[in-house]
Amino acid sequence: MPIAAKRVFRLSLTIALALVVGYGAGVPMPFIAPMFAFILGAAPKPPMGPKGLVGLLLVLCIMLSSGLLLVPILMHYPTTGLMLALLGLFFANYATLNLGKPPIGAFLTLGIALISAMGLMGYGVAPTIIKALCVNIMVAVVCQWVVYPFFPEEGEPPPPPPPPEPAQSSWLALRATLIVYPSYLLVLTNPAAYAPIIMKSVALGQQAEVTNVKVAGRELLGSTLMAAFLAILMWFGLKLAPNLWMFGLWTLAYSMFVIAKYYGVLPSKFSPSFWQIVLVTLFIFIGPAVGDTESGKDPYKASAIRLALFVGVTVYAWLMLVFLDWLRTRQLNKRSSVSAMEMSS
């Protein structure tokens, strides 16, 4: 079997298995398990071992707990708390770019933004979410252990791309921070209703590394709409046979399609980052919709509101990229003009 096909089957089966185990075991926020399975398993390398899992959970708890430290500051000193959150988000994005480890940066960003916002609902809510995230990480990694022996990687994994220059890292980190921060402010107004926006904005912020604004805008908005389209198809497929096994099979089918595009097995005019956002956003759409059905809420109304918010956040991210790119180009032109005048004089 070609190595590319192995990667598609391995990651798709891991994602589908993580979803079935998460929902079947009654794990809190089970739709996050397949998202973590994708984030941790996308790199073409063997899964982490038990020691690595324990280390990851410890690091994850520490990073997510950073949001708990912000809760009392936000309650009693809101201006200071907001400034600390802004600095923390910038540090998380800067570390992601320099260390070359997007999952670590995403977890730290979630800790600062999601945990601190949910903690305002009650101090006991945030630890519950931290526990849910850790359990979903365990589910994702265990599913990797189960699937990997059937589709092992061949040869040495490719080397990671070199980190960008420090100045470029700072600029890209600022762009990512300004994408996430307004969504964080919105979530603070109603954490229970707007919590999915944080996960969406974090996914968008992770893609702010794209330096071409036109390409970034097309990917950000196009991937959101593509995810919404696939979520609608998946939802009506589930209505034909609403049970866990069909949910897992539909997840397997859609994951295989997206991941084949992601790895380049199927031709695509979009980059891998486009399909990465598609798959992550697909679960952010379909997971809460299933939860709305279980709790007796109207899934169509809630999904329509969620889609409008996601599109709004995406359009804002695009406009922010355009504005910051224009501002930076203007500053660079001014510096070039000043340097030319000094050389001529």
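Up top is the structure these notes are about.
This text gives an overview of the structure that appears in the document. Values in this document were obtained by computation on a predicted structure and should not be read as measured data.

Focus on the overall build of the chain
Part 1 of the argument: Check the secondary structure of the chain and you find 12 helices and zero strands.
Part 2 of the argument: Put simply, the chain runs from its N terminus to its C terminus through helices and strands in the order α-α-α-α-α-α-α-α-α-α-α-α.
Part 3 of the argument: When burial is assessed residue by residue, the chain has 48% of its 345 residues classed as buried.
Part 4 of the argument: The long-range fraction of contacts in the chain, counting pairs at least 24 apart against all pairs at least 6 apart in sequence, stands at 80%.
Part 5 of the argument: Per element, the accessible surface of the chain, about 16,400 Å² overall, is 72% carbon and sulfur.

Focus: the packing of helix 1 (residues 3–24) against helix 2 (residues 32–41)
Part 1 of the argument: The interhelical angle for the contact between helix 1 and helix 2, taken along N-to-C directions, is 155°, at an axis separation of 7 Å. Between helix 1 and helix 2, the interaxial angle falls into the category roughly antiparallel. Pair helix 1 / helix 2 crosses with right-handed handedness. Contacts between helix 1 and helix 2 involve L11, T14, I15, A18 and L19 from the first element and A33, P34, A37, F38 and G41 from the second.

Focus: the packing of aromatic side chains
Part 1 of the argument: One pass over the full model with this rule turns up 13 aromatic pairs.
Part 2 of the argument: Here the aromatic rings of Y181 and Y184 are separated by 6.1 Å at their centres, their planes lie at 40°, and the arrangement is tilted. Here the residue Y181 and the residue Y184 both occupy positions in helix 7 (residues 166–189), the gap between them amounting to three residues, near one helical turn. The exposure classification of Y181 matches that of Y184, with both residues buried.
Part 3 of the argument: Between F270 and W275 the ring centres are 6.3 Å apart and the planes differ by 75°, which places this aromatic pair in the edge-to-face class.
Part 4 of the argument: Accessibility expressed as a relative area gives 3% for W275, which makes it buried.
Part 5 of the argument: Here the aromatic residues F257, F270, F274 and W275 are joined through ring pairs into a cluster of three or more.

Topic: the pattern of salt bridges
Part 1 of the argument: All chains considered together, the criterion is met by three salt bridges.
Part 2 of the argument: Between E153 and R7 there is a salt bridge, and its shortest N-O distance comes to 2.5 Å. Of this pair, E153 sits in the loop between helix 6 (125–147) and helix 7 while R7 sits in helix 1, and the two are 146 residues apart along the sequence.
Part 3 of the argument: R10 is paired through a salt bridge with E153; the nearest N and O atoms lie 2.8 Å apart.

Considering helix 11 (residues 272–294)
Part 1 of the argument: Helix length check: helix 11 (23 residues) gives 34 Å between terminal C-alpha atoms against 33 Å at 1.5 Å per residue, within 8%.
Part 2 of the argument: With 18 of 23 residues buried, helix 11 lies mostly within the body of the structure.
Part 3 of the argument: Looking one or two places after helix 11, you find G296, whose phi comes out positive at around 85°.

Comments concerning the packing of helix 1 against helix 11
Part 1 of the argument: With their axes 14 Å apart at the nearest point, helix 1 and helix 11 run at an angle of 20° to one another. Taken together, the axes of helix 1 and helix 11 lie roughly parallel to each other. Note on packing geometry: the crossing formed by helix 1 with helix 11 is right-handed. Every residue of helix 11 that contacts helix 1 at I15, L19 and Y23 is listed here: L279, F283, G287 and V290.

Points about the side chain of T224
Part 1 of the argument: Within the fold, T224 resides in helix 9 (residues 213–240).
Part 2 of the argument: Sequence-distant contacts of T224, defined by excluding residues within four places in its chain, comprise K200, F285, F310, V311 and T314.

So, the environment of P196
Part 1 of the argument: Along the chain, P196 turns up in helix 8 (residues 191–206).
Part 2 of the argument: What makes P196 buried here is its relative accessible area of 15%.
Part 3 of the argument: For the pair formed by P196 and L114, sequence separation is 82 residues and the distance between their alpha carbons is 9.1 Å.
Part 4 of the argument: Beyond its immediate sequence surroundings of up to four residues, P196 is in contact with I284, R306 and F310.

Side note on helix 10 (residues 244–263)
Part 1 of the argument: Here helix 10 contains 20 residues, and its C-alpha end-to-end distance of 28 Å stays within 8% of the 28 Å for a straight helix at 1.5 Å per residue.
Part 2 of the argument: Every buried residue of helix 10 is listed here: F247, G248, T251, L252, Y254, S255, V258, I259, A260, K261 and Y262.
Part 3 of the argument: The backbone nitrogen of W245 lies 3.2 Å from a side-chain oxygen of the residue at the head of helix 10, namely N243.
Part 4 of the argument: After helix 10 finishes, the residue G264 shows a positive phi value of roughly 85°.

Remarks on unusual backbone geometry
Part 1 of the argument: Even without being a glycine, M29 presents a positive backbone phi close to 50°.
Part 2 of the argument: Here M29 is to be found in the loop between helix 1 and helix 2.
Part 3 of the argument: The class of M29 is partly exposed, set by a relative accessible area of 25%.

What to know about the environment of S12
Part 1 of the argument: Mapped onto the secondary structure, S12 falls in helix 1.
Part 2 of the argument: In this structure the C-alpha to C-alpha distance between S12 and T251, which are 239 residues apart in sequence, comes to 8.2 Å.
Part 3 of the argument: Residue contacts for S12: discarding those within four places in its chain leaves L252, S255, M256 and I259.
Part 4 of the argument: Polar contacts involving the side chain of S12 include one to the main-chain amide nitrogen of M256, which spans 3.4 Å.

Quick notes on the rules
- Residue positions within a chain follow its written sequence, with the count starting from 1.
- Local features are withheld for residues below a pLDDT of 70 in this predicted model, meaning they are given only at 70 or higher, and side-chain atom pairs are given and counted only at 80 or more; totals for whole chains, interfaces and linings count all residues.
- Excluded from the side-chain calculations are hydrogens and water; all other atoms, namely the structure's heavy atoms, are used.
- The helix count covers DSSP runs of H or I at least four residues long, the strand count covers runs of E at least two residues long, and both are numbered beginning at the N terminus.
- To sort residues, take the accessible area from a 1.4 Å probe on protein chains only and compare it with the maximum for the residue type: under 20% means buried, over 50% means exposed, and anything in between is partly exposed.
- By definition in these notes, contact holds between two residues if any of their heavy atoms fall within 4.5 Å.
- The Shrake-Rupley method, run with a 1.4 Å probe, gives the accessible areas here. Residue values count only the displayed protein chains as cover.
- To define axes, lines are fitted to C-alpha atoms, for helices over the stretch in contact only, and angles between the resulting N-to-C directions are given on a 0 to 180 degree scale.
- Any angle between 65 and 115 degrees counts as roughly perpendicular, while under 35 counts as roughly parallel, over 145 as roughly antiparallel, and the rest as oblique.
- For any pair of crossing helices, the crossing counts as left-handed if the nearer helix is rotated counterclockwise from the farther one by less than a right angle, and right-handed if it is rotated clockwise.
- Any Phe, Tyr or Trp ring, taking Trp's six-membered ring, that has another such ring centre within 6.5 Å forms a pair; planes under 30 degrees apart are called stacked, those over 60 apart edge-to-face, and the others tilted.
- Salt bridge criterion: a side-chain nitrogen from Lys or Arg within 4 Å of a carboxyl oxygen from Asp or Glu.
- Working rule for helices: expected span equals 1.5 Å times residues minus one.
- Definition of a polar contact: a pair of N or O atoms within 3.5 Å, with one able to donate and the other able to accept a hydrogen when the atoms are protein atoms, and with sequence-neighbouring residues admitted only if both atoms are side-chain atoms.

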